[in-house]
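Notes for the structure review
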Number of protein chains: 2
Amino acid sequence: MSDSPQAPGVVDLLGVLAYAELTGFLRMAEDATRFAPTLTDRAALSDLAATEYAHFRLLSQWLESLGVDPEAAMEPFVTALDDWHTQTQPSDWLEALVKAYAGNGIALDFYREAARHLDSATKNLVDEAVADEGRSEFAVERVRAAIEADPKVSGRLALWARRLVGEALSQGQRVAAARPSLAQMLVDAHGEDLAEISRMFARLTEAHGKRMSALGLTPGP
Amino acid sequence: MSDSPQAPGVVDLLGVLAYAELTGFLRMAEDATRFAPTLTDRAALSDLAATEYAHFRLLSQWLESLGVDPEAAMEPFVTALDDWHTQTQPSDWLEALVKAYAGNGIALDFYREAARHLDSATKNLVDEAVADEGRSEFAVERVRAAIEADPKVSGRLALWARRLVGEALSQGQRVAAARPSLAQMLVDAHGEDLAEISRMFARLTEAHGKRMSALGLTPGP
């Protein structure tokens, strides 16, 4: 089942993803400047950041092709996403890597959820974003190596990862409440009630947990 | 006249340009986050930043194809370029735009100077960077509009532009002194003495002055 590309829910979905990519790009660039221990690391995080910018450009062009001003489509989501970034400022390179990997993963899961509700043209755009997933693998290698060198960091980073997803869920619930057409679209496609939103968040949380285990982060007590 | 692509001067040239693009990308992204007054402005400066990253990637791949580690090639220039950015932190959106436009212009002039000394394959890479020049035009529009709205800002921004180029020259002279093979290469190609370096800086300064006039910045007293 798919919604018309001009439906308010679709515009909201493209808008929230566009601002997530734009601000993700900018924050990641800041983290690369501030925390990367080597130029190679700086370039690797920059590469991930530049990919986010490429996704932003695709989403923004797509909005324009629908006759929608990208700025207007992004505006309703600025506060929630800026607040998430403010509440999840990394304090070192490893936290920046976990954030990049986790944030990227949450965004990709969200793209996948979203893809179910979009017409096939918009779906291609989403597929393109998903295809770039491998670019964040360098973060996995770096974090695993750091844990191997000093197993103590695992607990600290696991708490950090939990905070990242906790803050994301709280902002996500705020967005779902403030944008009924977006929430409605996600719900309608499943033909279920509003509890489906919570189940979607549960799926995202579970996927996040799996990624964090892959990083070598053992759940805290 | 062209030098062999593995000559130390060529590697230095690719290295300094690579780090200039990488750090330019990151600093511009930071300025976009901090100062852009609208999402459209933020996206426009991000677009310029992403272009810098694309140039970095080309330069970095070129170094790798020469069998040179990009990190090693960039390392000698990190301090000079980081110092330049530290000494030229914009304090508002207009200063960020003037810096983006001026910095981009200086880099492009330097690419053009460099292109004379490179073999044709490397020259193509330089041409690609030069071809992206138009992307910074939005900065010209924004700054001109701001001066039209409030002519007083022109003097302040003219002083700022002078500081940008002054600090660039001082770092440039430091680099030229520390990297004799780079300086030698630039000099050899003209078949002239070391004073040619100063003349090259004079050409860069003059080109900078013309761009600043195009921005509507009248020279201060």
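In what follows, the structure referred to is the one given above.
Not measured: the values here are computed from a predicted model.

Focus: the overall build of chain A
In terms of helices and strands, chain A carries 10 helices and 0 strands. Along the chain direction, N to C, the helices and strands of chain A fall in the order α-α-α-α-α-α-α-α-α-α. Against the globule reference of 17 Å for 221 residues, chain A gives a C-alpha radius of gyration of 17 Å, in line with a compact fold. A principal-axis box enclosing the C-alpha atoms of chain A has dimensions of 50 × 35 × 30 Å. Counting every position in chain A, which comprises 221 residues, the buried fraction comes to 55%.

Remarks on the relation of the copies chain A and chain B
Superposition of the two copies of the chain requires a rotation about an axis and a shift along the axis. Between the two copies, chain A and chain B, the superposition gives an RMSD of 0.0 Å; the rotation angle is 180° and the shift along the axis is 0.0 Å. Such values leave the two copies arranged in the relation of a two-fold axis. A share of 100% of the interface residues of chain A reappears at the interface of chain B, consistent with the copies meeting face to face through the same patch.

Thoughts on the environment of Pro90(A)
Residue and element names in this part refer to chain A. By the element assignment, Pro-90 lies in the loop between helix H4 (78-87) and helix H5 (93-115). Owing to a relative accessible area of 8%, Pro-90 belongs among the buried residues under this scheme. A C-alpha to C-alpha distance of 18 Å links Pro-90 and Asp-47, two positions 43 residues apart in sequence. What Pro-90 contacts, discounting residues up to four positions off in sequence, is Asp-31, Phe-35, Glu-95, Ala-96, Lys-99 and Trp-160.

Quick look at the pattern of salt bridges
Applying the stated criterion across every chain yields a total of 18 salt bridges over all chains. Glu95(A) serves as the salt-bridge partner of Arg156(A), at 3.2 Å between the closest nitrogen and oxygen. Pair noted here: Arg156(A) is in helix H8 (residues 153-178) and Glu95(A) is in helix H5, with a separation of 61 residues, a long-range link. Since its relative accessible area comes to 35%, Arg156(A) is described here as partly exposed. Where Arg211(B) meets Asp109(B), a salt bridge forms, and the shortest distance between an N and an O atom there is 2.9 Å. Of this pair, Arg211(B) sits in helix H10 (residues 195-214) while Asp109(B) sits in helix H5 (residues 93-115), placing them 102 residues apart in sequence. Like Arg211(B), the residue Asp109(B) is buried in the burial classification. Here the salt bridges share partners, and the residues they tie into one network are Asp92(A), Glu95(A) and Arg156(A).

Comments concerning the interface of chain A and chain B
Taken together, the contact between chain A and chain B spans 27 residues of the former and 28 residues of the latter. Here chain A meets chain B over a buried area of about 2100 Å², counting both sides, of which 61% is carbon and sulfur. Sorting the residues of chain A by area buried against chain B places Leu26(A), Leu39(A) and Glu71(A) first, and these three jointly supply 27% of that buried surface. Our enumeration of links across chain A and chain B arrives at 2 salt bridges. In this structure, the salt-bridge partner of Arg57(B) is Asp47(A), at a minimum N-O distance of 2.1 Å. For the pair chain A and chain B, the interface holds 10 residue pairs in polar contact (both at pLDDT 80 or more). Counting residues per element, the ones that place at least two in the side of chain A that touches chain B are helix H1 (8-35), helix H2 (39-65) and helix H3 (70-74) of chain A. The leading source of residues in the side of chain A that touches chain B is H2(A), at 11 residues. Considering only residue class, the side of chain A that touches chain B consists of 14 nonpolar, 4 polar and 9 charged.

So, the packing of helix H1 (residues 8-35) of chain B against H5(B)
Residues and elements named next belong to chain B. Contact geometry for H1 and H5: axes closest at 11 Å, N-to-C directions at 165°. Relative to H5, H1 is oriented roughly antiparallel. Note on packing geometry: the crossing formed by H1 with H5 is left-handed. Along its contact with H1, which presents Leu-13, Leu-17, Glu-21, Met-28, Asp-31 and Phe-35, the element H5 presents Trp-93, Ala-96, Ala-100, Phe-110, Tyr-111 and Ala-114.

Topic: the side chain of His85(B)
Along the chain, His85(B) turns up in helix H4 (residues 78-87). Once residues lying within four places of it in the same chain are set aside, the contact partners of His85(B) are Thr23(B), Gly24(B), Arg27(B) and Lys99(B).

Looking at H1(A)
Here H1(A) contains 28 residues, and its C-alpha end-to-end distance of 39 Å stays within 8% of the 40 Å for a straight helix at 1.5 Å per residue. Counting buried positions over the 28 residues of H1(A) gives 25, a clear majority of the element.

Concerning the packing of aromatic side chains
Taken as a whole and judged by the stated rule, the model has 5 aromatic pairs over all chains. With centroids separated by 5.8 Å and ring planes inclined at 40°, the aromatic side chains of Phe25(A) and Phe25(B) adopt a geometry described as tilted. You can see Phe25(A) sitting in helix H1 and its partner Phe25(B) sitting in helix H1, one on each of two chains. Given a relative accessible area of 0%, Phe25(A) falls into the buried group.

Details of helix H8 (residues 153-178) of chain B
The end-to-end C-alpha distance of H8(B) is 38 Å, a good match for the 38 Å that 26 residues give at a rise of 1.5 Å each. Every buried residue of H8(B) is accounted for by Val153(B), Ser154(B), Leu157(B), Ala158(B), Trp160(B), Ala161(B), Leu164(B), Val165(B), Gln171(B), Gly172(B), Val175(B) and Ala176(B).

Describing the environment of Gly166(A)
Positionally, Gly166(A) belongs in helix H8. Taking C-alpha positions, Gly166(A) is 29 Å from Leu58(A), a pair spaced 108 residues apart along the chain.

Basis of the calculations
Residues numbered from 1 in each chain as written. Chains lettered and ligands numbered in written order. Predicted model: local features only at pLDDT ≥ 70, side-chain atom pairs only at ≥ 80, totals over all residues. Heavy atoms only, no water. Helix = DSSP H or I, 4+ residues; strand = E, 2+ residues; numbered from the N terminus. Rg over C-alpha atoms; globule rule 2.2 N^0.38 Å. Buried < 20%, exposed > 50% of the residue type's maximum accessible area, 1.4 Å probe, protein only. Least-squares fit on C-alpha atoms with pLDDT ≥ 70 in both. Contact = heavy atoms within 4.5 Å. Salt bridge = Lys/Arg side-chain N within 4 Å of Asp/Glu carboxyl O. Buried area = accessible area lost by both parts, 1.4 Å probe. Polar contact = N/O pair within 3.5 Å; in protein donor to acceptor, adjacent residues only side chain to side chain. Nonpolar A, V, L, I, M, F, W, Y, C, P; charged D, E, K, R; others polar. Axes fitted to C-alpha atoms, helices over the stretch in contact; angles between N-to-C directions. Parallel < 35°, antiparallel > 145°, perpendicular 65-115°, else oblique. Left-handed = near helix turned anticlockwise from the far one by under 90°. Expected span 1.5 Å × (residues − 1). Phe/Tyr/Trp six-rings, centres within 6.5 Å; stacked < 30°, edge-to-face > 60°.

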